[in-house]
Amino acid sequence: MEGDCLSCMKYLMFLFNFFIFLGGACLLGVGIWVIVDPTGFREIVAANPLLFTGAYIMLAMGAMLFLLGFLGCCGAIRENKCLLLFFFMFILLIFLAELSAAILAFIFRENLTREFFTKELKKHYLRNNDTDVFSSTWNSVMITFACCGVNGPEDFEVVPHLPPYSLEKATPEACCQRELQSREGMIVNKEACLAGVEKFQNRQGCYSVILNSFETYVYLAGALAIGVLAIELFAMIFAMCLFRGIQ
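Since the model is a prediction, treat every value here as computed from it, not as a measurement.

Student: How should I be thinking about the pattern of salt bridges in this particular structure?
Tutor: Where charged atoms from two side chains of opposite charge come close, those side chains can pair. Counting across every chain of the model gives 2 salt bridges. A salt bridge links R203 to E198; its shortest N-O distance comes to 3.5 Å. On the accessibility criterion, R203 (37% relative accessible area) is partly exposed.

Set out below in structure tokens:
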């Protein structure tokens, strides 16, 4: 009876680790896609040190889960106590790190409100100054998603760092409609756009556009994160039970 339980636990352990292995492969794929994607994310990630760091953290986490899933599968099938203990300790560290990140994201969720982004935009945005990381990132976002500001062109009615009566006091170039939504795309009518002609401007705010674009994926990502945490928890339990059961 004890042997049957141990055998069952071994194959369940293998199954859980196989899912961890697949999860790591998915994280690796998403991280690589965000970094090399030619449709705009590469520019945004490269321009923002925080996103740049986050993308590489995702790659590192994916590689670690990929490796640990493989080690867990090997440890379960071969009944190797050393591999199982190594697997348990690293999964525990990853589990605690992910749990801490989720708690911090919940605590600082107010920093993702429309009002917060609007305040930061009006405070730091320098229009077409692509040497400034903040401005360059915003320009890339507005061009890629065909949007303007956080709420719309009205966000740029009062922007600091500009001389009075400057042409740039109108809508920034990044808000102008383009034939192709990339930095290389030609602006349909630059003069009319900067002069305030609405039909040549992107009138939707980026907050609503991006929220609508990623709303489904945010819930999916949250569900996947909960699923990954649950799988890791069960994998640790099975690893320790299997470790104790091996003679």
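Student: Would you explain the state of the cysteines in this entry?
Tutor: Working definition: the covalent bond between the sulfur atoms of two cysteines is a disulfide. Here the structure, examined in full by the defined rule, presents 3 disulfides. Paired by a disulfide, C148 and C175 hold their sulfur atoms 2.0 Å apart. Disulfide C148-C175: the torsion about the S-S bond is 85°, which places it as right-handed. Placement of C148 in the loop between α6 (133-145) and α7 (190-194) and of C175 in the loop between α6 and α7 is noted, with a sequence separation of 27 residues between them. When its relative accessible area of 0% is taken as the criterion, C148 is described as buried. One disulfide bridge connects C176 with C193, the sulfur atoms lying 2.0 Å from each other.

Student: Is there a simple way to think about the environment of C241 in this case?
Tutor: Structurally, the position occupied by C241 is in helix α8 (residues 206-245). Accessibility expressed as a relative area gives 36% for C241, which makes it partly exposed. Residues C241 and M9, 232 residues apart in the sequence, show an inter-C-alpha distance of 7.9 Å.

Student: Would you mind going over the packing of helix α5 (residues 114-124) against α6 with me for this structure?
Tutor: Geometrically, a packed helix pair is captured by the angle between its two axes and the distance between the axes. Two elements in contact, α5 and α6, have axes whose closest approach is 10 Å; the angle formed by their N-to-C orientations is 120°. By the criterion of interaxial angle, the relationship of α5 to α6 is oblique. Relative to α6, the crossing made by α5 is left-handed. Counting all contacts with α5, which are made through E120, L121 and H124, the residues of α6 involved are F134, S135 and W138. Each residue belonging to the contact of α5 with α6 can be placed in one class, and the counts come to 3 nonpolar, 2 polar and 1 charged.

Student: Help me out: how do you make sense of the nonpolar core in this one?
Tutor: Looking at soluble globular proteins, one finds that nonpolar side chains tend to be buried together. With 21 residues, the main nonpolar core has M13, I20, L68, F87, I91 and L242 as its most contacted residues. Looking at this core, the elements with two or more residues in it are α1 (2-36), α3 (49-78), α4 (81-107) and α8. For I20, the residues in contact, after removing those within four places along its chain, are L65, G69, F87, I91, I231, E232 and A235. Formed by 15 residues, the second largest nonpolar core is a distinct cluster that contains Y125, V141, I143 and C148.

Rules used in this analysis
- Residues numbered from 1 in each chain as written.
- Predicted model: local features only at pLDDT ≥ 70, side-chain atom pairs only at ≥ 80, totals over all residues.
- Heavy atoms only, no water.
- Salt bridge = Lys/Arg side-chain N within 4 Å of Asp/Glu carboxyl O.
- Buried < 20%, exposed > 50% of the residue type's maximum accessible area, 1.4 Å probe, protein only.
- Disulfide = S-S within 2.5 Å.
- Helix = DSSP H or I, 4+ residues; strand = E, 2+ residues; numbered from the N terminus.
- Axes fitted to C-alpha atoms, helices over the stretch in contact; angles between N-to-C directions.
- Parallel < 35°, antiparallel > 145°, perpendicular 65-115°, else oblique.
- Left-handed = near helix turned anticlockwise from the far one by under 90°.
- Contact = heavy atoms within 4.5 Å.
- Nonpolar A, V, L, I, M, F, W, Y, C, P; charged D, E, K, R; others polar.
- Core = buried A, V, L, I, M, F, W, Y, C linked by side-chain atoms within 4.5 Å.

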